[in-house]
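These are the residues of each chain, in order.
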Amino acid sequence: MNIADKENSATIDIAPVVAGHNKYLEDQTAAVRAKAIPWEASADIRWFAESNYCFFQGYQKAGLITEDELSQIRLGEKADPSANFKEIGAKYALLLLSLLQKLSRNDTIHNILVSFEDKILGFTDRDDILSQLDSSLLFGTFLNLLKKDDEYIQLKSAKIFAVLAMERDPSLQPVDASSLFAWFSVKVMDSNSNVLDIVIQIMQTTLAIPSYRLPFYETPNAMTGYSLEVLFIFSPEFSLIEAIKASSNAQMQYQGIYCLWTLTFVHEVSADIQRTYEIIPLFIDIAKAAIKEKVVRVIFATVKNMLILAPQENIIPMLGNKLLNLCETLSARKWTDTEITDDLSFIKEELAKNINSLSTFDEYASEVRSGKLDWSPSHLSEQFWKQNASRLGEKDFEIIRILGRLLASAGSSNLVLAVAAHDIGQYVKYVPAGKKFVQENGTKAQIMQLMTHENSDVRYQALLAVQKLMANAWIS
């Protein structure tokens, strides 16, 4: 399949999932249905500051809804959406949207949202109804409700928006969903696992819409709370990738990576996602530990997209992170899902064809960028350092900066600390002019602190590096 064919296949048909199977949300919705709103009386609380007391009045009696609106509400509540609902459907939908905008009580909004879902979205010919509504009013109403400080209102509004967007005519101008994407970036790290499940399902459905993939990817903090520029430094921001990393739940991993898979149908995403977010090492770790086949399948389906759409940007880091080795290991297993076997074969073939293009430095740089340093041959080869030490200063000292962050990170293992200190020592040994940058960016100070580290190998490598940093005679 060539790139053009693959890009055309981006209009994949993905059935809506939108929180259709989450007992947490279903139970809350059932409770809302069981609690009718008494529109005529005892509904709204109205405060009067001058007398410092409140009293209950019906919405209609309080003047918050008109008699005509009350009649429409009762008519809509009695109507069966499975029957001929067309005559009143558009007018009833417009009324519900109006009420969502002007009423403020959360329990009332709960009821209206459920009515919209049951009556409007539950109607078989809903397209006839929705097509009569102004799209800015229709979509804008539910996007505005994401600002409400109420979990149920947010989740239900996002779910309804996703259904509406999924069914919208793709030939029409896409609705601006930037506020939904920003909401995703926060809610995807919710501590409530039920909420997270619902949010990811809604995200899956939203990203099934081709026009939303690139805008989502470009939303600040949607993918990750940091870029490589601040990698290994704690960030309070939230993200899809952080949620995947933080979860050991197979279903959550599958749903999160599924979202990444849909994103990689966009060429710009496939070309950028590894360079910016280093997802190949993450995929390798998850695939090695995965028990569920569907997790493995979605990982390698994503890798396949990246290889087809952006081979130049992805082949070297894939080879550098030993993805070919993993594919060969996994190919030896017996998979019930033939897609896994097919994708592994494709990836192996593509990587094997390009393995000779991977230079020793490319492999070394990929290892450093992954943050998983080991005593691989390049670190211990004097010939490697003689030929490649100067390249650590390329791209504004990218490799030196990453080594420095690894040295400063509390999460780095003793092995990583020892190898990183060794590499800085080798760099300044063969590039004396590099001492200035190593000192200015704080890496020298980090290494000096490691001279008192509890691990003997870390202390030893830090001592050697400091000696090279302090030496006056340099090997040419």
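Cut-offs and rules
- Residues numbered from 1 in each chain as written.
- Predicted model: local features only at pLDDT ≥ 70, side-chain atom pairs only at ≥ 80, totals over all residues.
- Heavy atoms only, no water.
- Patch = residues over 30% accessible without salt bridge, like charges linked within 9 Å, V, L, I, M, F, W, Y side chains within 5 Å.
- Areas by Shrake-Rupley, 256 points an atom, 1.4 Å probe, with all protein chains shown as cover.
- Salt bridge = Lys/Arg side-chain N within 4 Å of Asp/Glu carboxyl O.
- Helix = DSSP H or I, 4+ residues; strand = E, 2+ residues; numbered from the N terminus.
- Buried < 20%, exposed > 50% of the residue type's maximum accessible area, 1.4 Å probe, protein only.
- Axes fitted to C-alpha atoms, helices over the stretch in contact; angles between N-to-C directions.
- Left-handed = near helix turned anticlockwise from the far one by under 90°.
- Contact = heavy atoms within 4.5 Å.
- pLDDT = per-residue confidence, 0-100.
- Core = buried A, V, L, I, M, F, W, Y, C linked by side-chain atoms within 4.5 Å.
- Parallel < 35°, antiparallel > 145°, perpendicular 65-115°, else oblique.
- Nonpolar A, V, L, I, M, F, W, Y, C, P; charged D, E, K, R; others polar.
- Polar contact = N/O pair within 3.5 Å; in protein donor to acceptor, adjacent residues only side chain to side chain.
- Phe/Tyr/Trp six-rings, centres within 6.5 Å; stacked < 30°, edge-to-face > 60°.
- Lys NZ or Arg CZ within 6 Å of the ring centre and 35° of its normal.
- Expected span 1.5 Å × (residues − 1).
- Bend = angle between axes of the 7 residues up to and from the residue.

### Observations regarding a nonpolar patch on the surface
So, step 1. The grouping of M448, M451 and L463 at the surface amounts to a nonpolar patch, some 230 Å² of accessible area in total.
So, step 2. Tracing the chain through its elements places M448 in helix α26 (residues 443-449).
So, step 3. Among the residues examined, M448 registers a relative accessible area of 42% and is labelled partly exposed.

### Section: the packing of helix α23 (residues 394-408) against helix α24 (residues 414-430)
So, step 1. Closest axis-to-axis distance for the α23/α24 pair is 9 Å, and the angle between their directions is 140 degrees. In this structure, α23 meets α24 at a crossing whose hand is left-handed. Residues F397, I400, L403, L406 and L407 of α23 lie in contact with α24, whose contacting residues are V416, L417, A420, A421, D423, I424 and Y427.

### Details of the environment of Q274
So, step 1. Mapped onto the secondary structure, Q274 falls in helix α14 (residues 267-277).
So, step 2. A sequence separation of 44 residues divides Q274 from M318, and the C-alpha atoms of the two residues are 9.2 Å apart.
So, step 3. Setting aside residues up to four positions removed in sequence, Q274 forms contacts with I279, I280, P281, M306, N314, P317 and N321.

### Let's talk about the side chain of H110
So, step 1. Among the secondary structure elements, H110 is positioned in helix α5 (residues 106-120).
So, step 2. For H110, a relative accessible area of 15% corresponds to the buried category.

### Side note on the confidence of the model for the chain
So, step 1. In the predicted model, the chain carries a mean pLDDT of 84, and the fraction of residues at 70 or more is 84%.
So, step 2. Under a pLDDT of 50 for its full length, residues 1-13 has, in the predicted model, 19 contacts with residues more than four places off or in other chains.
So, step 3. Every residue in residues 42-57 is under pLDDT 50, and counting partners more than four places away or in other chains gives 28 contacts.

### Observations concerning the nonpolar core
So, step 1. Grouped together as the largest cluster of nonpolar side chains are 109 residues, with contacts concentrated most on F116, F142, F161, F216, F300 and L323.
So, step 2. Excluding residues within four positions of it along the chain, F116 makes contact with A93, L96, L97, L121, L130, L138, F142 and I160.
So, step 3. Core analysis: the next-biggest nonpolar cluster, separate from the first, contains 35 residues, Y364, I402, L403 and V438 among them.

### Looking at the packing of helix α10 (residues 193-207) against helix α11 (residues 210-217)
So, step 1. Packing of α10 against α11 leaves a shortest axis separation of 7 Å and a crossing angle of 120 degrees. It follows that α10 is oblique to α11 by the angle criterion. Contact residues: M203, T206 and L207 in α10; Y212, R213 and F216 in α11.
So, step 2. Tallied by class, residues from the contact of α10 with α11 come to four nonpolar, one polar and one charged.

### Structural notes on the pattern of salt bridges
So, step 1. For the coordinates displayed, the defined rule picks out 18 salt bridges.
So, step 2. For the salt bridge of K159 with E117, the shortest nitrogen-to-oxygen distance reads 2.9 Å. Of this pair, K159 sits in helix α8 (residues 151-167) while E117 is found in helix α5, placing the two residues 42 residues apart along the sequence. The residues K159 and E117 share a single accessibility class, namely buried.
So, step 3. For K429, the salt bridge is made with E382, and the minimal N-O distance between the two is 3.4 Å. With a gap of 47 residues between them, K429 in helix α24 and E382 in helix α22 (residues 382-388) connect regions that are remote in the sequence.
So, step 4. Through salt bridges with shared partners, a single ionic network connects K35, R105 and D107.

### Some points on the side chain of T264
So, step 1. Structurally, T264 is set in the loop between α13 (250-263) and α14.
So, step 2. For T264, a relative accessible area of 0% corresponds to the buried category.
So, step 3. Within polar-contact distance, the side chain of T264 engages the backbone oxygen of W261 at 2.7 Å.
So, step 4. Dropping the residues within four chain positions of it, T264 is found in contact with V269, S270, T302, N305, M306 and L309.

### With respect to the packing of aromatic side chains
So, step 1. For the structure on display, the rule yields 15 aromatic pairs.
So, step 2. On the basis of an interplanar angle of 65 degrees and a centroid distance of 5.1 Å, the ring pair of F116 and F142 is categorised as edge-to-face. On the criterion of sequence distance, the pair formed by F116 in helix α5 and F142 in helix α7 (residues 135-144) is long-range, its members being 26 residues apart.
So, step 3. A relative accessible area of 0% means that F116 is categorised as buried.
So, step 4. A network of ring pairs unites the aromatic residues F181, W183, F184, Y212 and F216 as a single cluster.
So, step 5. Taking NZ or CZ as reference, K294 lies 4.8 Å from the ring centre of Y254, over its face.
So, step 6. Lying over the aromatic face of F346, K304 brings its terminal NZ or CZ to 5.3 Å of the ring centre.

### Comments concerning α23
So, step 1. Taking 1.5 Å per residue as the helical rise, α23 with its 15 residues ought to reach 21 Å, and the 21 Å between its terminal C-alpha atoms agrees with that figure.
So, step 2. The sharpest bend along α23 comes to roughly 30 degrees, located at R401.
So, step 3. Listed as buried for α23 are E398, I399, I400, I402, L403, G404, R405, L406 and L407.
So, step 4. Among the structural elements, α20 (360-370), α24, α25 (435-440) and α26 are those in contact with the buried residues of α23.

### Details of α14
So, step 1. When you tally the buried positions in α14, you get eight out of 11 residues, the bulk of the element.
So, step 2. Every buried residue belonging to α14 is among V269, S270, A271, D272, I273, Q274, T276 and Y277, and all of these are buried.
So, step 3. Its buried side turned inward, α14 meets α11, α12 (240-246), α13, α15 (279-289), α16 (293-309) and α17 (311-320).

### A word on unusual backbone geometry
Negative phi values dominate among residues other than glycine, just as trans dominates among peptide bonds.
So, step 1. At K395, a position not held by glycine, the phi torsion is positive, near 55 degrees.
So, step 2. Following the sequence through the fold, K395 ends up in helix α23.
So, step 3. We classify K395 as exposed; its relative accessible area is 66%.
So, step 4. Of note, the phi angle at F397 is positive, near 60 degrees, even though the residue is not glycine.
So, step 5. The topology assignment puts F397 in helix α23.

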